Amino acid sequence: AWDADAADLSATLTLVYDHHKPGLVDRLIELQHRHAEQVTATLHVHLDHDHCLEVIVLKGKGSSLRQLASELRGLKGVHQGE
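First, a word on what this report is: a plain description of the structure on this page. Here the structure is a predicted model, which means the values were calculated and not measured. (Residues numbered from 1 in each chain as written. Predicted model: local features only at pLDDT ≥ 70, side-chain atom pairs only at ≥ 80, totals over all residues. Heavy atoms only, no water.)

### Side note on the overall build of the chain
From N to C terminus, the chain includes two helices and four strands. Listed N to C, the secondary structure of the chain is β-α-β-β-α-β in terms of helices and strands. Computed over the C-alpha atoms, the radius of gyration of the chain is 13 Å, within 12% of the 12 Å expected from 2.2 N^0.38 for a compact globule of 82 residues. C-alpha atoms of the chain, sized along the principal axes, occupy 40 × 20 × 20 Å. For the chain, buried positions account for 35% of its 82 residues. Residue pairs at least 24 apart in sequence account for 68% of intrachain contacts in the chain once pairs closer than 6 positions are excluded. With an accessible surface of roughly 4,900 Å², the chain has 53% of that area assigned to carbon and sulfur atoms. Side chains of the chain carry 8 positive and 12 negative charges; the gap between the two charge centres is 5 Å. (Helix = DSSP H or I, 4+ residues; strand = E, 2+ residues; numbered from the N terminus. Rg over C-alpha atoms; globule rule 2.2 N^0.38 Å. Buried < 20%, exposed > 50% of the residue type's maximum accessible area, 1.4 Å probe, protein only. Contact = heavy atoms within 4.5 Å. Areas by Shrake-Rupley, 256 points an atom, 1.4 Å probe, with all protein chains shown as cover. Lys, Arg positive; Asp, Glu negative; His and termini not counted. Charge placed at Lys NZ, Arg CZ, Asp CG, Glu CD.)

### Focus: the sheet that holds strand E3 (residues 51-60)
A sheet is described by the order of its strands in space; here four strands give the open sequence E2-E3-E1-E4, paired in antiparallel fashion. The open sheet has two edge strands, strand E2 (39-46) and strand E4 (78-81), and neither has a second partner. In this sheet, neighbouring strand axes are inclined to one another by 20° on average, regardless of whether the strands run parallel or antiparallel. Summarising the sheet, strand E1 (residues 9-18) and E4 pair through three bridges and their orientation is antiparallel. Directly across from Leu15, in E4, lies its bridge partner Gly81. (Pairing = 2+ DSSP bridges. Axes fitted to C-alpha atoms, helices over the stretch in contact; angles between N-to-C directions.)

### Some remarks on helix H1 (residues 24-34)
Where H1 is concerned, the buried positions are Leu24, Leu28, Leu31 and Gln32. Seen end-on, H1 carries its buried residues on one side only, within an arc spanning 100°. Among the exposed residues of H1, those oriented more than 90 degrees off its buried face are Asp26 and His33. The inward-facing, buried residues of H1 contact E1, E2, E3, helix H2 (62-73) and E4. (Arc of directions from axis to C-beta.)

Listed below in C-alpha cells is the structure:
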C-alpha cells in the first residue's frame, strides 16, 4: 500500500531541530498548515535550550506523505527526520 498509493496510510514523522534557526519554526508551521488534510496531530517536546523534537502524525497516500516528509526534513535547521 505504501508504494502503490492504493489506500490512505497512517504514519509518523519525527523531527529534531534547532528552534533558534531564524524562520524555521514559521516554515514548519506553514508547511503543516498547507498540508492540513495530511497532518492529523503533532506533539512538540523541548529537548534542551536549543533543540526541539516534533512528532507529526500523518494520513494520506504514500507518495504524498513521502513528499511532505522530504520537504520538512529538508528545511535548514532540521537535524534529523525519520
